Amino acid sequence: MHYIVLTIFPQMFNPFWTHGIIRRAIENKIISASAADIREYAHDRHQVTDDRPYGGGSGMVMKPEPLAAAIRAASQEIPGAKTVLLTPQGKVFNQNLARELATLNGLILVCGRYEGVDERICHDLIDYEISIGDYVLTGGEVAGMIIIDAVTRLIPGALGGEDAAEKDSFSNGMLEHAHYTRPRIFEGKKVPEVLLSGHHLEIESWRLKSALMRTLLKRPDLLLQKDLDRQEVKTLNRWRYDIEEILNSHYKKAGENGEKK
Ligand code: 4HQ
């Protein structure tokens, strides 16, 4: 994967390229990455990249000419690359979109500042409009980093050897199971016994239930979207039975006490 980020603040990306998995992916040539300064494509004396909005009002708009020139130059460098505009108007980013982008050969990420970019940039020069969520940022740079981060770890080889990406949250439409490491007792709280047992099948079954329970309690919306497998349906039905038993017993007691509860 080849990334080019277009921004008026390319230095923001220096720490991002030089730490952790992203750094290693660059070193191992799994990805290439650079941030180009949109200002260098503004050919007036003061290299202006913004202007006042037609129709009046407060705030500034990114001028189309420097942006268009920057996008065209980046496209020349990565044949077949797709362009992404970071904007709250875009499709909300999620793991499925990350998977789709991870199959591409190149991504050109356009990071706006001010009130956003001239509308005429979007139509001809942008393949994907993506939002990282329903809140307002001061610019698209941090959003661009989030996309690059989530996409890069899905590229084969980026995580170094193992199959960690496939075991992560969302890989099966659920949150991950709980994790524990040493010590066996921390501030009075024990590690679940089964994880110390060495019974791989029991551990796997405990992890599946842990993932299902956490998703049910913390993100029930994910379970509504998911295609549940037979084991998951069986487990949920057992829990439903247990919960009904508890509630029935509660209402029975309440009835005996004359409905006071
Ligand atoms: N932006 N997801 C850039 C965002 C945003 C988001 C606001 C994008 C400012 C200029 N980007 N403009 N949410 O809030 O991607």
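A quick note: this is a predicted structure, and the numbers were derived from the prediction, not measured. (Residues numbered from 1 in each chain as written. Predicted model: local features only at pLDDT ≥ 70, side-chain atom pairs only at ≥ 80, totals over all residues. Heavy atoms only, no water.)

1. Things to note about a positive patch on the surface
Step number 1: On the surface, a cluster of positive charge is contributed by Lys209, Arg230, Lys234 and Arg238.
Step number 2: Broken down by element, the residue count for the positive patch peaks at three residues, all from helix H10 (residues 230-256).
Step number 3: Of note, Arg238 is situated in helix H10. (Patch = residues over 30% accessible without salt bridge, like charges linked within 9 Å, V, L, I, M, F, W, Y side chains within 5 Å. Areas by Shrake-Rupley, 256 points an atom, 1.4 Å probe, with all protein chains shown as cover. Salt bridge = Lys/Arg side-chain N within 4 Å of Asp/Glu carboxyl O. Lys, Arg positive; Asp, Glu negative; His and termini not counted. Charge placed at Lys NZ, Arg CZ, Asp CG, Glu CD. Helix = DSSP H or I, 4+ residues; strand = E, 2+ residues; numbered from the N terminus.)

2. Observations concerning the environment of Ala158
Step number 1: Looking at the element boundaries, Ala158 is found in the loop between helix H6 (141-152) and helix H7 (164-167).
Step number 2: Overall, the relative accessible area of 1% leaves Ala158 in the buried class.
Step number 3: It is 36 Å that separates the C-alpha atoms of Ala158 and Lys63, two residues lying 95 residues apart in sequence.
Step number 4: Every residue in contact with Ala158, bar those within four places of it in the chain, is listed here: Ile21, Arg24, Ile30, Thr152 and Arg153. (Buried < 20%, exposed > 50% of the residue type's maximum accessible area, 1.4 Å probe, protein only. Contact = heavy atoms within 4.5 Å.)

3. Regarding the sheet that holds strand S1 (residues 2-7)
Neighbouring strands of a sheet are bound in pairs by backbone hydrogen bonds; such pairs are parallel or else antiparallel.
Step number 1: A sheet is described by the order of its strands in space; here five strands give the open sequence S2-S1-S6-S5-S7, paired in parallel fashion. A strand with exactly one partner marks an edge of an open sheet, and here the two such strands are strand S2 (32-37) and strand S7 (128-131). Adjacent strand axes in the sheet meet at a mean angle of 30° when their direction is disregarded.
Step number 2: Of the pairings in the sheet, the one linking strand S5 (residues 82-92) to S7 comprises five bridges and is parallel in character. What sits directly across from Val92, in S7, is Ser131.
Step number 3: Along the sheet face, H6 touches S1, S5, strand S6 (106-110) and S7 and points at about 175° away from the line of S1. (Pairing = 2+ DSSP bridges. Axes fitted to C-alpha atoms, helices over the stretch in contact; angles between N-to-C directions.)

4. Thoughts on the nonpolar core
Step number 1: Grouped together as the largest cluster of nonpolar side chains are 30 residues, with contacts concentrated most on Tyr3, Phe93, Leu101, Leu109, Ile130, Ile147 and Val151.
Step number 2: Counting only elements with at least two residues in this core, the list comes to S1, helix H1 (14-17), helix H2 (20-27), S5, helix H4 (95-102), S6, S7 and H6.
Step number 3: It is H6 that provides the largest number of residues to this core, a total of six residues.
Step number 4: Once residues lying within four places of it in the same chain are set aside, the contact partners of Phe93 are Ala98, Leu101, Ile130, Ser131, Ile132, Ile146, Ile147, Ala150 and Val151.
Step number 5: Grouped together as the second largest cluster of nonpolar side chains are 21 residues, Ile4, Ile71, Leu85 and Ile121 included. (Core = buried A, V, L, I, M, F, W, Y, C linked by side-chain atoms within 4.5 Å.)

5. Examining the pattern of salt bridges
Step number 1: Within the structure shown, the criterion is met by nine salt bridges.
Step number 2: With its nearest N and O atoms 2.8 Å apart, the salt bridge here joins Arg219 to Asp221.
Step number 3: What makes Arg219 partly exposed here is its relative accessible area of 32%.
Step number 4: What makes Asp221 partly exposed here is its relative accessible area of 33%.
Step number 5: Between Glu256 and Lys252 there is a salt bridge, and its shortest N-O distance comes to 3.7 Å. Of this pair, Glu256 and Lys252 both sit in helix H10, four residues apart, which is roughly one turn of the helix.
Step number 6: A residue is classified by how much of its surface remains accessible, and Glu256, at 57% relative accessible area, is exposed.
Step number 7: Taking relative accessible area as the criterion, Lys252 reaches 58% and is therefore assigned exposed.
Step number 8: Linked by salt bridges that have partners in common, Asp51, Lys63 and Glu65 make up one network.

6. Quick word on the packing of H4 against H6
Between two packed helices, what matters for the description is the angle formed by their axes and the separation of those axes.
Step number 1: Running from N to C, H4 and H6 cross one another at 75°; their axes reach a closest spacing of 8 Å. Regarding the angle of H4 to H6, the classification is roughly perpendicular. Contact with H4, carried on its side by Ala98, Leu101 and Ala102, involves Ile147, Ala150 and Val151 of H6 and no other residues of that element.
Step number 2: Across the contact of H4 with H6, the residue classes break down as six nonpolar, no polar and no charged. (Parallel < 35°, antiparallel > 145°, perpendicular 65-115°, else oblique. Nonpolar A, V, L, I, M, F, W, Y, C, P; charged D, E, K, R; others polar.)

7. Considering unusual backbone geometry
Step number 1: Of the consecutive residues Arg182 and Pro183, the connecting peptide bond is found in the cis state with omega at 5°.
Step number 2: As for its placement among the helices and strands, Pro183 is situated in the loop between H7 and strand S8 (185-186).
Step number 3: Although it is not a glycine, Phe170 adopts a positive phi angle of roughly 75°.
Step number 4: Inspection of the secondary structure puts Phe170 in the loop between H7 and S8.
Step number 5: Residue Phe170 is classed as partly exposed on the basis of its relative accessible area, which comes to 32%.
Step number 6: One non-glycine residue, Glu187, lies in positive phi territory at about 45°.
Step number 7: For Glu187, the position within the fold is in the loop between S8 and strand S9 (189-190).

Such coordinate-based values are descriptive only and should not be taken to indicate function.
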